Amino acid sequence: MTGTIIITGASAGIGKRTAQKFLDSGWTVGLLARRLEPLRDLAAGHENAIALAADVTDAASVEAAFAAFVDKTGHLDAIFNNAGRGSPPQTIDEVDPEVWKAVVDVNLTGMFLCARAAFRQMRHQDPQGGRIINNGSISAVMPRWGSVPYTATKHGVLGLTKTISLDGRPFNIACGQIDIGNALTEMTAKMSGGVPQADGSLKAEPTMDVQHVADAVYHMASLPLSANVQSMTIMATTMPYVGRG
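Read on for a plain summary of the structure. A quick note: this is a predicted structure, and the numbers were derived from the prediction, not measured. (Residues numbered from 1 in each chain as written. Predicted model: local features only at pLDDT ≥ 70, side-chain atom pairs only at ≥ 80, totals over all residues. Heavy atoms only, no water.)

## Some remarks on unusual backbone geometry
(1) Moving on: Looking along the chain, the bond that leaves Asp126 and enters Pro127 is cis, with omega of 5°.
(2) Moving on: Within the element layout of this structure, Pro127 appears in the loop between α4 (97–124) and β5 (130–135).
(3) Moving on: Its identity is not glycine, yet Asn172 carries a phi of approximately 60°, on the positive side.
(4) Moving on: Inspection of the secondary structure assignment puts Asn172 in the loop between α5 (148–167) and β6 (173–181).
(5) Moving on: The class of Asn172 is partly exposed, set by a relative accessible area of 38%. (Helix = DSSP H or I, 4+ residues; strand = E, 2+ residues; numbered from the N terminus. Buried < 20%, exposed > 50% of the residue type's maximum accessible area, 1.4 Å probe, protein only.)

## Some details on empty space enclosed by the protein
Empty space among the atoms can be located by rolling a probe the size of a water molecule over them.
(1) Moving on: All told, the structure shown has one cavity of 30 Å³ or more when counted by the stated rule.
(2) Moving on: A volume near 30 Å³ is recorded for the largest cavity.
(3) Moving on: Together, Thr8, Val56, Asn81, Asn82, Ala83, Val106, Gly110, Met111 and Cys114 line the largest cavity.
(4) Moving on: Counting residues per element, the lining of the largest cavity draws most heavily on α4, at four residues.
(5) Moving on: Its residues assigned to classes, the lining of the largest cavity comprises five nonpolar, four polar and no charged. (1 Å grid on protein atoms, 1.4 Å probe; cavity = no way out; pocket = protein on both sides within 12 Å on 5 of 7 lines; lining within 4 Å. Points joined across faces, edges and corners; volume = space filled by probe spheres on them. Nonpolar A, V, L, I, M, F, W, Y, C, P; charged D, E, K, R; others polar.)

## Regarding the nonpolar core
(1) Moving on: With 37 residues, the main nonpolar core has Phe22, Val29, Leu31, Ile178 and Val213 as its most contacted residues.
(2) Moving on: Where this core is concerned, the elements lending two or more residues are β1 (4–8), α1 (13–24), β2 (28–33), α2 (36–43), β4 (78–81), β6, α6 (211–222) and β11 (231–235).
(3) Moving on: Here this core gets six residues from one element, more than from any other, and that element is α6.
(4) Moving on: For Ile178, the residues in contact, after removing those within four places along its chain, are Phe80, Ile133, Asn134, Asn135, Gly136, Ser137, Val213, Ala216, Val217, Met220, Met232 and Ile234.
(5) Moving on: Counting residues in hydrophobic clusters, the runner-up holds 30 residues, among them Val106, Met111, Leu113 and Ile164. (Core = buried A, V, L, I, M, F, W, Y, C linked by side-chain atoms within 4.5 Å. Contact = heavy atoms within 4.5 Å.)

## Description of the pairing of β5
(1) Moving on: Within β5, six of the six residues are buried, leaving the element largely enclosed by the surrounding structure.
(2) Moving on: On β5, burial covers both faces: Gly130, Ile132 and Asn134 on one face and Arg131, Ile133 and Asn135 on the other are all buried.
(3) Moving on: Bridge count between β4 and β5: four bridges; the pairing is parallel. Bridge assignment links Phe80 to a residue of β5, and that residue is Ile133.
(4) Moving on: As a crossover connection, the stretch from β4 through α4 into β5 is right-handed.
(5) Moving on: Relative to β6, β5 is paired through six bridges, and the arrangement is parallel. (Pairing = 2+ DSSP bridges. Right-handed = clockwise from strand over helix to strand, strands pointing away.)

## Focus: the sheet that holds β4
(1) Moving on: Ordered in space as β3-β2-β1-β4-β5-β6-β11, the seven strands form an open sheet in which the pairing is parallel. The open sheet has two edge strands, β3 (49–53) and β11, and neither has a second partner. Across the sheet, the axes of successive neighbouring strands diverge by a mean angle of 15°, strand direction being ignored.
(2) Moving on: Relative to β2, β1 runs parallel, the two sharing five bridges. For Thr4, the partnering residue across the bridge sits in β2 and is Thr28.
(3) Moving on: Relative to β5, α4 is tilted by about 170°, and along the sheet it contacts β1, β4, β5 and β6.
(4) Moving on: Packing against the sheet, α6 makes contact with β4, β5, β6 and β11, and its axis sits at approximately 165° to β6. (Axes fitted to C-alpha atoms, helices over the stretch in contact; angles between N-to-C directions.)

## A look at the packing of aromatic side chains
Each aromatic ring pair is summarised here by two numbers: the centre-to-centre distance and the angle between the ring planes.
(1) Moving on: Counted by the stated rule, this structure contains four aromatic pairs.
(2) Moving on: Centroid distance Phe22 to Trp27: 5.0 Å. Interplanar angle 90°. Geometry classified as edge-to-face. Per residue, the accessibility class of Phe22 equals that of Trp27, and both read buried.
(3) Moving on: Between the aromatic rings of Phe119 and Phe171, the centroid separation amounts to 5.9 Å while the plane-to-plane angle is 80°, which identifies the pairing as edge-to-face. Taken together, the residues span a long stretch of sequence, with Phe119 in helix α4 and Phe171 in the loop between α5 and β6 at a distance of 52 residues.
(4) Moving on: Overall, the relative accessible area of 16% leaves Phe119 in the buried class.
(5) Moving on: Residue Phe171 is classed as buried on the basis of its relative accessible area, which comes to 17%. (Phe/Tyr/Trp six-rings, centres within 6.5 Å; stacked < 30°, edge-to-face > 60°.)

See the structure below:
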């Protein structure tokens, strides 16, 4: 199966590797991120790549990017709603309100705006329907120490996913969530040097190849709309999660 998909946060990490998976599999891929240059580098040599420079926190920017993609493809089959950011490990009293706002803007408002644009397109296109896949992180279920902004937004993503899944039923729109733990990217490379734990210690944590995440997202997107992975957790097997700490 091939189709059309927009991947947010496509310039690096999980988004970049997932985009490569879909491009190599013949999908038409909208590569969405703030910086155009890395997107052009990723798109080089791929006629099925469309670079979309946009800020997910800005509604007008998101709408323009989705419109440009559909203008070229005529249809949107799926979105991997992946763009996100973290914050320094701190207890709530130490968190700068501006950091809180910045994390909420990207992780929750940004995901809302992209899901909103995708849902509207999928609802009104012919044939009707499509699939929205949200990157929730395992922090959507279980917090990591000192992660108030990140964990709060990822718990919000879980509610967003469930509600879109329910609201999308009449329009043949499926929505699912992938919760990822310790995929090895530029952002998680520091884990090998030690990550703060709930007991106050600093410990290295196991990671997994990010390709496994790309393969999992591809599986979710490749299902017929009569089937849906509502929730998937993929993680480094021995990382602290079940009984964090």
